[in-house]
Amino acid sequence: MNKFYITTAIDYVNAKPHVGHAAEKVQADVLARYHREVLGEDTYFLSGSDENSLKNVQGAKKAGKTVEDFVAENVGYFQDLKKQLNLSYDYFIRTTEPRHFAGAQKMWKLMDEAGDLYKKEYKGFYCVGCEEFKMEKDLVEGKCPEHNCEPEVVEEENYFFRLSRYQDKLKKLIESDAIQILPSFRKKEMLSFIDQGLEDFSVSRSRKRAENWGVPVPGDEEQIMYVWVDALSNYITALDYATEGDLYKKYWLENENRVHVIGKGILRFHCIYWPAMLLSAGLPVPTKVFSHEYLTIDNKKISKTLGNVIEPQEIVDKFGMDGARYLLLASLPYRSDGDISWEKMTEKYNADLANGLGNLVSRIVKLSENLDITYTDQELLEALIKNNEAEIKHSLDEFDIERALVLLMLRVREANKFIEENKPWELAKNDAAKFAEVMKKLNLDLAAIARLLVPFLPDAANKIKKVLADKEAIILFQRIK
RNA sequence: CGCGGGAUGGAGCAGUCUGGCAGCUCGCGUGGCUCAUAACCACGAGGUCGCAGGUUCAAAUCCUGCUCCCGCAACCA
């Protein structure tokens, strides 16, 4: 049996999740369900939280809580997304778990043994007010914009990873699609980044600066792992890499599909840093990295200060679980950022789900009320083919979820058109045979559409199947003002 | 000359690789229908396809130059 391992990014839990986080999880969920429920593959789907960041320590301080409590509380909000949006992930990894520490340290040791870790002076601008290092680009006229003070130049010894050593190997892996990067223009971007020359990067911080929070560097009491080795290794530590458990063997070692779904902002770390670290440790690299674009709200970046945050739960409250899934998926184009607003969402929900799919279900169920419709599996397979099954699958193989949904909605329109052209309500009165024939086709089409909807709108798909059998009219998606 | 993406009717997008009547959804107007969630279907108005050149029988599509917008630009998820 084919196997499929898919992960989402692990999120910082220094605040509640917003729609952008939610959209990524739903996208990954569609792909996971497609492989698990449609293709019937042995699928493992992972999500999780990145808890070892200094940002969490700072967030906790602000909130007047212990880091443990602060992080646990926010993790709860992220885990709530599972129920809210019907996510089907198999496990939610927290990077504060002991087995994650053990796995990250194990990987560190292998990289060290490979001779890829070395100590070097790290020089940076440290703002005492922010208690963190600032990038030069973040400084305004050489000063920290938040505190309006000149940062200290601090030098500190850190461990560095020899990324430079893997430049050629990475280029080959990406060029040949051994690591396939989607959409394709992102592959181009990564290749041209490699061509500019890869430099080593720092992978640790002093224990003091890390505020004693995070994964300790093996064999060096004074250093804590910085984000890369720690966070990225979650994709294998969650599979019990530390003990080389069954999950790890099954889904990482003996599997051809190791897929990461991430946002474009962290593309480089997944396509370059992470594979290089795996190469160093002698472990298999990911086979696919899908980079989604970002959601904006009212054409602005999602930002607390702008006050334009929409919580996932709010969308669920208004449009229902599958309604929210649909809107998040359909609002995020494959190749560019997508914008949402209450107005746009309401419009799309009404057009596609209430007036489109939902109304179609009502029409067909009512018209079929007094008919006894049966069909064979073979007939259903033929209906699937006629309803763009191949094209929809092809879109999903390319991770183009938006296009798959467009194709599905096209089928809904076709069915509505077919009803109009054949006027079954008239046939019911004067041509019983033709009426039965027309309604059988419509039932088959709707059954096919329901089957194709499974990865996207699992609940609605089930309800359609049920209602076709029971013939009890339902309002699948209530029209919203 | 840092890298990548984008500019197509009121809005959102496809089409560009492989040149050939400019297409889809929403919104708007008119008509039709009544099985349905005032839903559905048809027709229509609306675009010199960012700008300027070039190649070609033919350019949104290929070539050259330019303008504007967005993301990334390295240890920042």
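As a reminder, the structure under discussion sits directly above these lines.
The text that follows walks through the structure, step by step, so that each part is easy to find. (Residues numbered from 1 in each chain as written. Chains lettered and ligands numbered in written order. Predicted model: local features only at pLDDT ≥ 70, side-chain atom pairs only at ≥ 80, totals over all residues. Heavy atoms only, no water.)

Regarding the overall build of chain A
Of regular secondary structure, chain A possesses 18 helices and 14 strands. Here the C-alpha atoms of chain A give a radius of gyration of 26 Å, agreeing with the 23 Å that 2.2 N^0.38 yields for 481 residues. Of all 481 residues assigned to chain A, the portion counted as buried reaches 55%. In chain A, 76% of the contacts between residues at least 6 apart in sequence involve partners at least 24 apart. Summed over all atoms, the accessible surface of chain A reaches about 21900 Å², with 48% contributed by carbon and sulfur. (Helix = DSSP H or I, 4+ residues; strand = E, 2+ residues; numbered from the N terminus. Rg over C-alpha atoms; globule rule 2.2 N^0.38 Å. Buried < 20%, exposed > 50% of the residue type's maximum accessible area, 1.4 Å probe, protein only. Contact = heavy atoms within 4.5 Å. Areas by Shrake-Rupley, 256 points an atom, 1.4 Å probe, with all protein chains shown as cover.)

Quick notes on the packing of helix H4 (residues 98-113) against helix H10 (residues 267-281)
Interaxial distance between H4 and H10 falls to 7 Å at its minimum, and their mutual angle equals 70°. By the angle class used here, H4 and H10 are roughly perpendicular. Residues Met-107, Leu-110 and Met-111 of H4 pack against Trp-274, Met-277, Leu-278, Ser-280 and Ala-281 of H10. Grouping the constituent residues of the contact of H4 with H10 by class yields 7 nonpolar, 1 polar and no charged. (Axes fitted to C-alpha atoms, helices over the stretch in contact; angles between N-to-C directions. Parallel < 35°, antiparallel > 145°, perpendicular 65-115°, else oblique. Nonpolar A, V, L, I, M, F, W, Y, C, P; charged D, E, K, R; others polar.)

Quick look at the protein's contact with RNA strand B
In the vicinity of RNA strand B, 45 residues are found, and the nearest of them are Ser-192, Gly-197, Tyr-226, Ala-231 and Glu-347. Protein-proximal atoms of RNA strand B, defined as those within 4 Å of the protein, fall in sugar or phosphate at a share of 66%. Contact between RNA strand B and Trp-228: a sugar or linking oxygen at 2.9 Å from a side-chain N or O atom of the residue. Side-chain polar atom of Arg-268 to a sugar or linking oxygen of RNA strand B: 2.8 Å apart, as the coordinates give it. Counting residues per element, the surface near RNA strand B draws most heavily on helix H12 (residues 342-368), at 10 residues. (Near = heavy atom within 4 Å. Polar contact = N/O pair within 3.5 Å; in protein donor to acceptor, adjacent residues only side chain to side chain.)

Remarks on the environment of Ser-202
Positionally, Ser-202 belongs in strand E8 (residues 201-202). As a C-alpha pair, Ser-202 and Gly-59 span 143 residues in sequence and 24 Å in three-dimensional space. Every residue in contact with Ser-202, bar those within four places of it in the chain, is listed here: Asn-158, Tyr-159, Phe-160, Tyr-226 and Trp-228.

Section: the sheet that holds strand E7 (residues 180-182)
With parallel pairing, the 6 strands of this open sheet are ordered in space as E3-E2-E1-E11-E12-E7. On the outer flanks of this sheet lie strand E3 (91-94) and E7, each paired with one strand and no other. Strand-to-strand twist across the sheet, computed as the mean angle between neighbouring axes with direction ignored, equals 20°. Bridge analysis of E7 against strand E12 (residues 288-292) gives 3 bridges, and the strand direction is parallel. Of the residues in E12, the one forming a bridge with Leu-182 is Phe-290. Taken strand by strand, helix H3 (residues 67-84) contacts strand E1 (3-12), strand E2 (42-50) and E3, and its axis lies near 155° from that of E3. Packed on one face of the sheet, helix H9 (residues 246-253) meets E1, E2 and strand E11 (258-263) and runs near 105° to E2. (Pairing = 2+ DSSP bridges.)

Read these as geometric descriptors, not functional statements.
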